[in-house]
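# A closer look at the structure
For reference, the chains in residue letters:
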Amino acid sequence: MGVLVCVVVVLTLICQSHSLDGATNPLHRFKRYQESASSEPNDCTTRTRQPMVLSKSGNFSLDVRMPGVSPTVSDTYLCVAVPVPTTRDAYIVDFEPHASMDTAHHMLLYGCRTPVSTTNYWDCGSVKGTCEDEASIMYAWARNAPPTRLPPDVGFKVGGKSRITYFVLQIHYGDVHAFSDHHRDCSGLTLRMTSKPQPFIAGMYLMMSVTTVIPPGNKVTNADVACTYNSYPIYPFAFRTHTHKLGQVVSGYRIRDGKWTLIGRQTPQLPQAFYPATKGINVKYGDTLAARCVFTGEGRTTKTYIGGTSDDEMCNFYMMYYMESRHAAPFQECMEDGSKELFQNIPPEANVPITVPPEMMMHNMMHSAGAPSTPEHQDDTALLQPKREEEEVLDQEYHLEEVTDWPESPLQLGQVSGLALDSDDNLVIFHRGDHQWGVNSFDNSGKYQQRSLGPIQQSTILVVDPVKGSVLKASGRNMFYLPHGITTDKDNNYWVTDVALHQVFKLSSDGRDKPLVVLGEAFEPGSDKEHFCKPTDVAVDPVTGNVYVSDGYCNARILKFSPEGKYLSHWGAGSSDRRRRVQFRIPHSLVFLPDRRELCVADRENGRIQCFVAESGEFVKEIKKQEFGGEVFAISYAPVHGGLIYAVNGESAYGRSAPLKGFVINYSTKEILDDFSPENAQEFGMPHDIVVTKDGRVFVGDAATDSVLKFSSDKAEHRSVKKGGIEVQEIEETETIIQTRLKPQHRVEVAVAKVQIPVATQQKTAEPVQEQPQKPQQQEDDKEKTLAKQSAQGVSPAVITTLLLIPLVVVISIGVLIRYRKNRMYGDGCEVKLEQTSSGGILGKLRGKAAGGLNLGNFFATHKGYTRQGFDRLSTEGSDQEKDDDNDTDSENEEYSAPPPPVGPSSSS
């Protein structure tokens with residue numbers, strides 16, 4: 001069998017190699033670039049040319065380098081154009097420079113449609129410039145700066161429908177003494193690219209002053225710019241300041257409700273790189289964006305105007321942001337003078353110059369057509385390294401499995417309706433004791449019909465140790481009739497709902513059962529500001545303390561209250577966005593996303609998750625999957641890995657049911673990264689609520705089985721491991737564990753010591769081994785077990801491993817030989833490296849897949865945009881803002897076209 005597998009693999013490699021050799025390459029422009037590159041013999045040009053190979057992974061690298069140049073004059077600007085190597089949409093996600101400050105003063109990467117030349121490198125410090133059309137600065141490097149990374153799920157769109165079909169690399173060679181040995185330079189950079197659409201598209205917001213005049217001798221002159229933002233939310237992640245010699249400090253702010261929040265502040269006399277913006281800031285419709293540049297006119301004898309030469313001045317604040325692909329605006333600008341009244345409230349820091357050491361000062365500024373200014377010196381530690389908010393990614397073998405021995409002692413529970421976590425990550429369970437929700441619990445108007453039963457006498461709120469399952473605290477006796485949702489606030493108070501009482505309560509966690517806040521009227525359903533109708537869940541903003549209530553089984557709305565219980569606002573789906581959306585059908589579960597300031601809702605009967613801006617109720621996004629089967633009962637959230645949503649589905653009354661499972665969903669891409677369910681052929685009955693701890697443990701409350709199930713990816717928590725149909729009992733923690741891969745989503749652990757071989761070898765599944773006292777009639781069985789054990793010990797695991805590795809080594813050797821011969825056949829060419837992704841499962845999915853569009857052609861002023869008296873307004877004509885039909889998910893297409901289904905009697909829970 002092993003020989004057959006090896007033969008198949010070898011044949012596959014051979015076929016793949018031949019198919020790549022004979023594949024038709026449609027990228028004629030890229031071929032022309034390879035053929036027209038400098039043919040002079042040079043080690044660096046030979047080393048950087050390799051054929052381009054496309055792969056199914058969608059990830060590849062493109063080298064953009066000088067073709068072996070040797071400048072003879074200082075302050076030479078040279079450019080080379082490289083075509084985008086794909087006719088499809090592609091996304092730049094990382095930049096990796098290959099240059100030394102000993103040779104290259106700085107380099108810039110532009111994007112455009114029509115470069116000045118496509119045949120060879122040229123002098124772009126002259127009137128020629130870089131591009132015939134608008135040139136977009138996409139990357140800047142100097143002074144041995146490290147690679148620049150974008151935030152996760154963010155990319156610059158090029159090729160395809162964008163206006164960027166060529167990259168133009170410009171390098172400023174400052175001091176040609178570095179070329180006294182007449183060597184040839186191949187400096188440049190590698191673009192890490194992907195063909196996978198990114199859920200977030202990068203854009204640029206430029207604030208600039210066009211009217212500022214700096215009087216001679218004036219110690220301080222301010223240039224103020226401000227505009228009202230009137231588009232979809234954006235998330236700034238980097239900023240860049242730019243002036244000439246007279247600029248002392250440039251600051252950018254967001255103004256919301258009269259409060260100024262700093263986006264970024266820097267002196268333009270330091271390296272004018274992109275620096276990380278204030279973390280967690282966002283800009284939404286109605287905010288004001290403002291910037292101030294502080295100049296000094298000391299030393300000047302004439303007025304200084306805004307212009308393009310080094311004797312002129314500029315006031316620019318660049319803000320690099322990302323936004324959802326379907327709303328992507330690639331370039332936005334503000335050139336309006338700010339009012340004196342507005343800037344009276346600017347923070348004092350904006351007026352304080354930043355001291356710059358003399359050795360860090362910029363000089364020898366050059367501002368000619370096609371040669372934008374760049375610092376003489378760059379601080380490699382200060383350059384933008386917008387670290388991915390979650391550098392770590394989920395293990396590709398991450399998979400949640402039930403911890404079957406939790407809790408250690410059974411919990412006495414009724415219908416489990418709600419789960420929460422306190423500040424210590426203890427599990428808080430809300431259950432119904434001896435009460436049950438049945439068909440006779442409510443009449444048609446929503447009134448509770450079983451008040452004669454009285455309140456639940458058992459403790460309905462249990463605080464449980466998440467490790468052992470032991471009860472730490474109990475409360476909530478004689479208070480509730482039909483508990484439903486529960487959450488905790490930052491002070492560990494409980495916020496709970498009771499569908500029978502139609503009320504929301506705030507309770508102290510100290511065990512006293514007297515409510516601190518009561519919302520709604522007992523047993524009186526309603527739909528106004530003072531009444532609820534079967535409210536389902538509560539979420540609390542940990543910063544403001546505002547309370548959000550999902551209401552619920554009768555009313556399709558979300559209500560917002562102050563921490564004291566004062567009504568603030570409410571909304572339902574469709575009430576606060578520009579599209580007409582299907583109304584909620586039982587908003588059943590809420591979760592607050594603290595890192596995004598959003599509120600997500602499990603819209604149960606619509607089988608979807610919807611997220612809103614918590615402050616305003618503005619619609620943000622929807623997640624709807626076939627795997628949900630038309631029902632989403634509950635959701636939870638973890639801010640790790642860029643944001644993960646945990647959800648459980650349920651049985652549908654409309655014939656669209658799917659297997660009951662838990663799901664782990666990437667918030668950004670909406671991808672299902674993992675699904676999980678009980679082990680040992682068990683199934684969920686009615687998974688009613690879900691929570692996730694800080695360390696990734698997941699608890700699911702099941703209302704049908706009156707239980708709470710624990711799931712974990714940590715094998716140390718699993719006493720027995722069931723894989724590949726074999727269940728092996730772990731005998732000692734110190735025993736050797738061999739990890740293998742039988743399933744791509746699972747880690748498989750097999751204990752290789754003291755494992756007794758069962759006598760009944762005809763069974764396909766071995767039974768768990770249990771230690772029992774020996775009996776006389778078992779002597780024969782013991783002999784067989786002893787022989788089997790000795791036989792197993794006689795074969796060294798190392799020998800077995802070696803025998804298994806031999807075919808693998810042979811296959812790899814053949815593959816390497818084929819690749820080597822293939823590369824030798826191609827000869828010289830431009831380097832386009834394929835980045836084969838090694839990550840499968842979740843790791844391969846974490847990069848975004850939502851479609852989007854972006855035109856980078858309007859990010860910056862054109863190479864001919866500046867004049868002595870000022871400069872031309874940046875053109876935004878032809879911006880690629882067309883909406884791609886593929887951007888909408890299936891759920892969204894259905895949502896905006898289909899009328900709401902008729903509301904029928906819903907199942908209780």
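These figures come from a predicted structure and were not determined experimentally.

Reading the values: rules and limits
- Residues numbered from 1 in each chain as written.
- Predicted model: local features only at pLDDT ≥ 70, side-chain atom pairs only at ≥ 80, totals over all residues.
- Heavy atoms only, no water.
- Helix = DSSP H or I, 4+ residues; strand = E, 2+ residues; numbered from the N terminus.
- Buried < 20%, exposed > 50% of the residue type's maximum accessible area, 1.4 Å probe, protein only.
- Contact = heavy atoms within 4.5 Å.
- Areas by Shrake-Rupley, 256 points an atom, 1.4 Å probe, with all protein chains shown as cover.
- Pairing = 2+ DSSP bridges.
- Axes fitted to C-alpha atoms, helices over the stretch in contact; angles between N-to-C directions.
- Polar contact = N/O pair within 3.5 Å; in protein donor to acceptor, adjacent residues only side chain to side chain.
- Disulfide = S-S within 2.5 Å.
- pLDDT = per-residue confidence, 0-100.
- Core = buried A, V, L, I, M, F, W, Y, C linked by side-chain atoms within 4.5 Å.

## Here we look at the overall build of the chain
- Counting its secondary structure elements, the chain contains eight helices and 49 strands.
- Scored against the burial criterion, the 909 residues of the chain give a buried share of 54%.
- Counting only contacts in the chain whose residues sit at least 6 apart along the sequence, the fraction spanning at least 24 positions is 69%.
- About 40,900 Å² of surface is accessible on the chain, with carbon and sulfur atoms providing 51% of the total.

## Examining the sheet that holds strand 15 (residues 247-256)
- A sheet is described by the order of its strands in space; here four strands give the open sequence 13-18-15-16, paired in antiparallel fashion. Either end of the sheet is taken by a strand with one partner, and the two such strands are strand 13 (221-228) and strand 16 (259-266). The mean inter-strand angle of the sheet, taken between neighbouring strand axes irrespective of direction, is 20 degrees.
- Across eight bridges, strand 15 lies against strand 18 (residues 288-295) in antiparallel orientation. Bridge pairing in strand 18 links serine 251 to arginine 292.

## What to know about the sheet that holds strand 44 (residues 698-702)
- The sheet built from four strands is open, its strands ordered 22-45-44-43 with antiparallel pairing. If you trace the sheet from one side to the other, it starts and ends with strand 22 (401-402) and strand 43 (687-692), each paired once.

## With respect to the side chain of lysine 157
- With respect to the helices, strands and loops of the structure, lysine 157 is situated in strand 8 (residues 154-158).
- At a separation of 3.2 Å, a polar atom in the side chain of lysine 157 contacts the side chain of aspartate 89.

## Regarding the state of the cysteines
- If you walk through the whole model with that rule in mind, you get six disulfides.
- Shown here is the disulfide that connects cysteine 112 with cysteine 131, its sulfur atoms set 2.3 Å apart. Note on the cysteine 112 and cysteine 131 pair: the S-S dihedral is about -75 degrees, so by sign convention the disulfide is left-handed. In this pair, cysteine 112 sits in strand 4 (residues 106-112) while cysteine 131 sits in the loop between strand 5 (122-123) and strand 6 (136-142), placing the two residues 19 residues apart along the sequence.
- Cysteine 533 shares a disulfide with cysteine 554; S-S distance 2.1 Å. One disulfide, between cysteine 533 and cysteine 554, carries an S-S torsion of -50 degrees and so falls in the left-handed class. With cysteine 533 in the loop between strand 30 (517-519) and strand 31 (535-540) and cysteine 554 in the loop between strand 32 (547-551) and strand 33 (557-561), the pair connects residues that are 21 residues apart, well separated along the chain.

## Description of the environment of isoleucine 346
- For isoleucine 346, the location among the structural elements is in the loop between helix 4 (340-343) and strand 22.
- Note on isoleucine 346: relative accessible area 9%, which makes it buried.
- As for isoleucine 346 and tyrosine 253, which are separated by 93 residues in sequence, their C-alpha atoms are 8.8 Å apart.

## A short note on the confidence of the model for the chain
- Confidence along the chain averages 74 in pLDDT terms, with 65% of residues attaining 70 or more.
- The low-confidence segment residues 719-795 (pLDDT under 50) makes 83 contacts with residues lying over four places distant or belonging to another chain.

## Here's the deal with the nonpolar core
- Judged by nonpolar contacts, the single largest core of 44 residues is most densely connected at Ile92, Val158, Phe167, Leu191 and Met193.
- Among the nonpolar cores identified, the runner-up in size contains 31 residues, and Cys227, Phe239, Leu246 and Phe317 belong to it.

## Some thoughts on the environment of tyrosine 398
- Along the chain, the position of tyrosine 398 falls in the loop between helix 4 and strand 22.
- Judged by its relative accessible area of 10%, tyrosine 398 is buried.
- Between the C-alpha atoms of tyrosine 398 and aspartate 714, which are 316 residues apart in sequence, the distance is 8.9 Å.

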